[in-house]
Amino acid sequence: MSIQALKGFKDILPDEVGVWQHIEATARDIFQRFGFTEIRVPILEKTELFARSIGEATDIVEKEMYCFTDRNGDSITMRPEGTASVLRAFIEHGLQAKLPVQRLYTIGPMFRHERPQKGRLRQFHQMSVEVLGLDHPRLDAELIAMGWLILEELGLTTSLQINSLGCPACRPGYKEALVNFLATRKEHICEDCQRRSQTNPLRVLDCKSSHCQEQYVNAPAIIDHLCPGCGEHFTQTKASLDLLAVPYTVNPFMVRGLDYYTRTTFELITDALGAQSAVGAGGRYDGLVEQLGGAKNMPGIGFAMGMERLALLLSQQNADACPETATDLFVAALGEEAAVRAFPLVHLLRRKGLQVAMDLEGKSLKSQMKQADRAKARFVLILGEEELAKGEAVLRDMTSKEQQQLPLAGAQEALCAMLIAAVAQR
RNA sequence: GUGAGCGUAGCUCAGCUGGUGGUAGCACCGGGUUGUGGCCUCGGAGGUCGUGGGUUCAAGUCCCAUCGCUCACCCCA
């Protein structure tokens, strides 16, 4: 048996890479329009960073992280998400001193040891954005609208759900009300829900069992328990979304799997990916910077998009949008003398910026024409013994099938210029 | 961690109640066209039927184990 990739680790093969590049290019362009700059952060961090930000009791930290002890005996973790690292860098380098409001994005692989399934891998890729230093509700709306715009420009149809999780002032009160409510339904809900009533009561409302959902119809909703500050913030966020004409539905039962979220949370959802419905999600995390040892009262908000999920959606909904690679010119040389002549010509054309291919093995013209066709070459320059004898090469336009003679005499630069002109005309 | 389904050519898959591995499709190589691609046509190459054991005169097919993949639960982007 030959060696295979690790479970949940996948190669992105040449014929799928166009989709990925299209997603990335579209997103980078939009990030830039919204004033974001890229930050690149390491894949490895101290384990403590994630334990402190994501939350000790979360599934991610408890059982999904790739942790190991390095040669110095330090506990190291392969990042399961991007926000913690970006905030660490923000604090470590004092970025708030350089610009009061930081808009950052990062793209890269994340790692979680889960059972792989459709749209879920152990190494997966996220594009994530963070804004630090501003808590205005218009920012929440702007960020959500940016996520929406990315999907729109990719030609993908999704829906948007929003919620508010409150803040340390109002959430405990809600939690208590919820726990009390759940106690009254204890006998009628599934085992998972009973267990989660203790460990993570907010999560219970997210149960997929329709039987449980019936029980929760009259459950207290967090948005009815928000403190005045959070209530006003949520109202303003919704109003701002309306101003931008971004359609949303409020899902008072939506929760997040990371502990650091406060106030606004949202998910961009699709029903086209099987069990994995979220293609993007995020929210506000106003206490996180302080929690990680940074400045007090440093608000933050961010979201991440799953690139595998976007790629799946794109290839099933809008595959045509991804540009195909084409070749400007294929140089078909026949015989050793012609090959020796063509070889440096090809290099010169490449230096001039053309996308040029050539067969190096001395195959038949038929075979070389086939290669040219496969490479989607727009032109083929035929250079054989006959052409050398006549001092004229044949340039064939592969779509119109028209052929013209190009003089070989004189400097190679002249031939180059003619070829570049021919390619530029199309 | 739990459950289900599936492993046959590079890829997608046929293969019935066990009886010699498929002229299968796509891709690849070559000929038809001695120097012109796609379309057509003819030919060619390509396999430890995931692995190990068992039942049987006989196993791709039945049984057991094991490895792998996929989907779902859970969780999440």
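Owing to the predicted nature of the structure, the values given are computational and were not obtained by experimental measurement.

Quick notes on the rules
- Residues numbered from 1 in each chain as written.
- Chains lettered and ligands numbered in written order.
- Predicted model: local features only at pLDDT ≥ 70, side-chain atom pairs only at ≥ 80, totals over all residues.
- Axes fitted to C-alpha atoms, helices over the stretch in contact; angles between N-to-C directions.
- Helix = DSSP H or I, 4+ residues; strand = E, 2+ residues; numbered from the N terminus.
- Parallel < 35°, antiparallel > 145°, perpendicular 65-115°, else oblique.
- Left-handed = near helix turned anticlockwise from the far one by under 90°.
- Contact = placed C-beta atoms within 7 Å.
- Near = placed C-beta within 6 Å.
- Nonpolar A, V, L, I, M, F, W, Y, C, P; charged D, E, K, R; others polar.
- Core = buried A, V, L, I, M, F, W, Y, C linked by C-beta atoms within 7 Å.
- Buried ≥ 20, exposed ≤ 12 C-beta atoms within 10 Å, placed from the backbone.
- Domains from an automatic or database assignment.
- Pairing = 2+ DSSP bridges.

### Remarks on the packing of helix H6 (residues 137-154) against helix H11 (residues 228-243)
Between H6 and H11, whose axes approach to 8 Å, the crossing angle comes to 45°. Between H6 and H11, the angle is such that the two are oblique. The hand of the H6/H11 crossing is right-handed. Packed against H6, whose contacting residues are Pro137, Arg138, Asp140, Ala141 and Ile144, the element H11 presents His233, Gln236, Thr237, Ser240 and Leu241 at the interface.

### A word on the protein's contact with RNA strand B
Residues in contact with RNA strand B amount to 55 residues; listed here are only the nearest, Gly257, Gly274, Ala275, Gly306 and Glu386. Contributions of two or more residues to the surface near RNA strand B are made by strand E6 (123-132), strand E10 (278-284), strand E11 (300-306), helix H13 (307-317), helix H15 (365-374), helix H16 (385-390) and strand E15 (392-397). A total of seven residues in the surface near RNA strand B trace back to one element, the largest contributor, which is H15. Taken together, the residues that form the surface near RNA strand B break down as 17 nonpolar, 14 polar and 24 charged.

### Observations concerning the nonpolar core
The biggest cluster of nonpolar side chains holds 68 residues, and the ones touching the most others in it are Ile23, Leu143, Leu310 and Leu314. For this core, the element with the most residues is H6, which contributes nine residues. Apart from residues no more than four positions distant in its own chain, isoleucine 23 is found in contact with Leu154, Met307, Leu310, Ala311 and Leu314. Judged by nonpolar contacts, the second largest core, of 24 residues, contains Leu349, Ala372, Ala377 and Val380.

### Describing the domain arrangement of chain A
Per the domain assignment, the segments of chain A are domain 1 (17-170 + 226-320) and domain 2 (327-425). Relative to domain 2, the C-alpha centre of domain 1 lies at a distance of 50 Å.

### Let's talk about the pairing of E15
With four bridges joining them, strand E14 (residues 377-383) and E15 adopt antiparallel strand pairing. The partner of valine 380 across the bridge, within E15, is arginine 396. In this structure, E15 lies alongside strand E16 (residues 403-407), joined through five bridges in antiparallel fashion. In the sheet register, valine 394 faces E16, and the bridge partner there is glutamine 405. Here E15 folds back onto E16 in antiparallel fashion, the turn holding five residues, of which lysine 401 has a positive phi close to 65°.

### Here we look at unusual backbone geometry
Despite not being glycine, alanine 245 shows a phi value in the positive range, around 60°. By the element assignment, alanine 245 lies in the loop between H11 and strand E8 (249-250). For lysine 401, which is not a glycine, the phi torsion comes out positive at approximately 65°. For lysine 401, a count of 7 C-beta atoms within 10 Å corresponds to the exposed category.

### Observations concerning H13
Counting buried residues in H13 gives eight out of 11 residues, a clear majority hidden from the surface. Looking at H13, one finds that the buried residues are Met307, Glu308, Arg309, Leu310, Ala311, Leu312, Leu313 and Leu314. On its buried face, H13 sits against helix H1 (17-33), E6, H6, E10 and E11.

### Here's the deal with the sheet that holds E10
Adjacent strands of a sheet pair through backbone hydrogen bonds, lying either parallel or antiparallel. Read from one edge of the open sheet, eight strands run E1-E5-E6-E11-E10-E9-E7-E8, paired in mixed fashion. Strand pairing shows two members of the sheet lacking a second neighbour, strand E1 (37-38) and E8, which therefore form its edges. Examined bridge by bridge, strand E7 (residues 159-164) and strand E9 (residues 262-269) share six bridges and lie antiparallel to one another. Directly across from asparagine 163, in E9, lies its bridge partner threonine 265. Taken strand by strand, H6 contacts E6, E7, E9, E10 and E11, and its axis lies near 15° from that of E11. Helix-sheet contacts for H13 involve E6, E10 and E11, and the interaxial angle to E11 is about 50°.

### Description of the sheet that holds strand E2 (residues 44-46)
In space, the three strands of this open sheet follow the order E2-E4-E3, with antiparallel pairing throughout. Across the chains shown, the open sheet's two edge strands, defined by having one partner strand only, are E2 and strand E3 (66-69). Pairs of neighbouring strands in the sheet enclose a mean axial angle of 35°, with direction left out of account. Where E3 meets strand E4 (residues 75-78), four bridges bridge the pair, whose relative direction is antiparallel. By the bridge assignment, tyrosine 66 is partnered in E4 with methionine 78. Relative to E2, helix H2 (residues 47-54) is tilted by about 75°, and along the sheet it contacts E2, E3 and E4.

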